Amino acid sequence: MTYDSEGRYPSQPASRRKKRKKDSFSVPKIIVAVLIVIAVIALIVLGVKLIKDKSESSAVEAETLEPEPALEKDVRVDGVSISNLGKTQAKIAIEKKYNWSMKAKLRGGQPDSYEIANLLDKSIEKTLDMIYSTSEPEENYTINFEMDEEGLDREIENMKALWNKEAKNGSISGFNKETEQFEYSGEEKGIALDEEKLRNDIRTAFFAKKFDSSIDVSTQEVEPELSEEKAKALYKTIGTYTTKSTNNADRNNNLNLACNAIDGVVLQVGEEFSFNLTTGNRTAEKGYKEAAAYQNGEVVSEPGGGVCQVASTLYNAVIFSGIEVTERHPHTYAPTYVTPGEDATVSYDGYSGPDLRFTNTSSSTIVIRAHYEDRTVNCWIIGIPILAEGEKISMHSEKIAESEVPPPAYEDDPTMAPGVQVVASKGDKGSTWNTYLKHEYPDGLVTDELFHVSKYKGHTPKIKRNQSAWDPVFDTIPTDASGNTVQFETHVDENGQITVSYPDQTQPEDNSETTAPGPGQSETEKHTEPQPSPGGDGGPGEESPQPRPTVPDGPGPGDSPSPGDIPLVPAMPGQ
């Protein structure tokens, strides 16, 4: 073998050298090919394993299922041989002979046909049960076809649900806030299947063994009970309630916004109302102002403080109208604008907070009206009366238990003199209330039953003092050597500062000699500032007037509001 002048393999034509170079495999290509082969082998192995597992599973299942005993004797049912067949196979063989395919058809219906379920099953099963329960069956049997009445009832109900259309009464369909006018929709006729004829036609075809029949369905028109004009005459205020607010401008702004949000809401029959879903989140972007609120027992300032008063006012109006309330929660602390036990707190927390919900359980559409003006919240339910004429629902509550005033919380005020403390808020006791629902009927019958129980926490007293200069001895009531309480007197000056003197001492003439009372001080001797009462959303609490008022005056349950009670009487149907 000879080499060329440069010591290389003998020279070959250039075209041949190029061809050999093109036909050669590079290392990357070899690696890719190997990986593809490995992947194909893995898929094949996996497929075989799956097939094997499925086969083993089927085998196990086959082993666990007990085969039905077959008839060795030649037995015929209505001419169909069921010898060497189990009961299930025998049923299938008999059903093939009768080929059930009965349908019901409604001209113009949507859909226009309905496949009636096989009503032969019970009759066939009854005959087969008799055959397979004996060791010596006869050679020939005849099925005694009996109508499956329960099955027929189900099929009739299914067809009614498919094709029946309820008549629609004339009713309120909306409320125009700009014109203060209700909008109405007219009445519509309904459709009802001729149930008796449909039932008889199916039975006739069944007993004639015409199991492939097509049954024509007849319908009847259903007249609505109320025309639009009659509905206009029947709609009225069926529940109303009024509460008084404070002179806090920001809080009253929130009340006004919440009233506007729920005013004019229309609820169809069966529809549920949610206060939180209707108002949405009470945020500054929507115009809600920050107002005093309680959060985890602490006074905070949050947008929307106060809206619980709207929810509580609406709650009472709903109860008095006879509508079912589906969700209600008491406040953390006893309210002041309604009797404790007759309130409803709300809190928007991604829609997951406590809510006020109720369902329109009447037979007609209802409308919610709500209005704020001149520190007054008014709510009305407009609808066709749910309660009979002369029937009345009301609530009343009674306090059944009290809890002690919580221990005071001290706030540091470095500007105060040593030994002096000021009661910023005196706090109060917690309480438990039973609320009763009183129902008065036209015939004179009166029922008064427990409706619910509401528990409220007591407010924590707030005491200001100079913590750095405070003498801890005053944190407890003074005692003598024997442990007996030492009598002392408290004095409140014109600035609300409290001092203490003992019987054998003279009252100090200036604050430099004063001492402060301990937690045992009489409530009547403490200086009191207005403090918030509970609320809900966006504020969990709200500022309330002091002292606590009694049950607010206003229209009674179910009474129509009068201009003297309410600053603005809502537009009524027909106006």
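Residues numbered from 1 in each chain as written. Predicted model: local features only at pLDDT ≥ 70, side-chain atom pairs only at ≥ 80, totals over all residues. Heavy atoms only, no water.

Q: I'd like to hear about the overall build of the protein chain, residue by residue, with values.
A: Scanning the protein chain for helices and strands turns up 10 helices and 29 strands. Counting only residues that meet the buried cut, the protein chain has 41% of its 575 residues in that class. In the protein chain, the share of contacts with a sequence separation of at least 24, taken over all contacts with a separation of at least 6, comes to 71%. As presented, the protein chain carries roughly 32,000 Å² of accessible surface, and 50% of it is formed by carbon and sulfur atoms. (Helix = DSSP H or I, 4+ residues; strand = E, 2+ residues; numbered from the N terminus. Buried < 20%, exposed > 50% of the residue type's maximum accessible area, 1.4 Å probe, protein only. Contact = heavy atoms within 4.5 Å. Areas by Shrake-Rupley, 256 points an atom, 1.4 Å probe, with all protein chains shown as cover.)

Q: Summarise the confidence of the model for the protein chain; cite the residues concerned and give the values.
A: In this model, the protein chain carries a mean pLDDT of 79, and residues with pLDDT of at least 70 account for 70%. Here residues 505-569 scores under 50 on pLDDT; set against residues more than four positions off or in separate chains, the count is 186 contacts. (pLDDT = per-residue confidence, 0-100.)

Q: So what's going on with the sheet that holds strand β3 (residues 103-105)? Residues and values would help.
A: A sheet is described by the order of its strands in space; here three strands give the open sequence β4-β3-β9, paired in mixed fashion. Looking at strand neighbours, the two that pair on one side only are β4 (113-115) and β9 (214-216), the edges of this open sheet. Each strand axis lies, on average, 25° off the axis of its neighbour in the sheet, ignoring direction. Pairing of β3 with β4 involves three bridges; the strand directions are antiparallel. Bridge pairing links K105 to S113 in β4. Helix α5 (residues 149-163) rests against β3 and β4 of the sheet, and its axis sits at about 155° to β4. (Pairing = 2+ DSSP bridges. Axes fitted to C-alpha atoms, helices over the stretch in contact; angles between N-to-C directions.)

Q: Go over the sheet that holds strand β13 (residues 272-274) with me, naming the residues and quoting the values.
A: Strands pair in a sheet through their backbones, by hydrogen bonds, and they do so in one of two ways: parallel or antiparallel. The sheet built from three strands is open, its strands ordered β13-β17-β16 with antiparallel pairing. One side of each edge strand has no neighbouring strand; the edge strands of this open sheet are β13 and β16 (324-327). Pairwise comparison of adjacent strand axes, ignoring direction, gives a mean angle of 30° for this sheet. Note: β16 against strand β17 (residues 357-359), three bridges, orientation antiparallel. Its bridge partner being in β17, E324 is matched across the sheet by T359.

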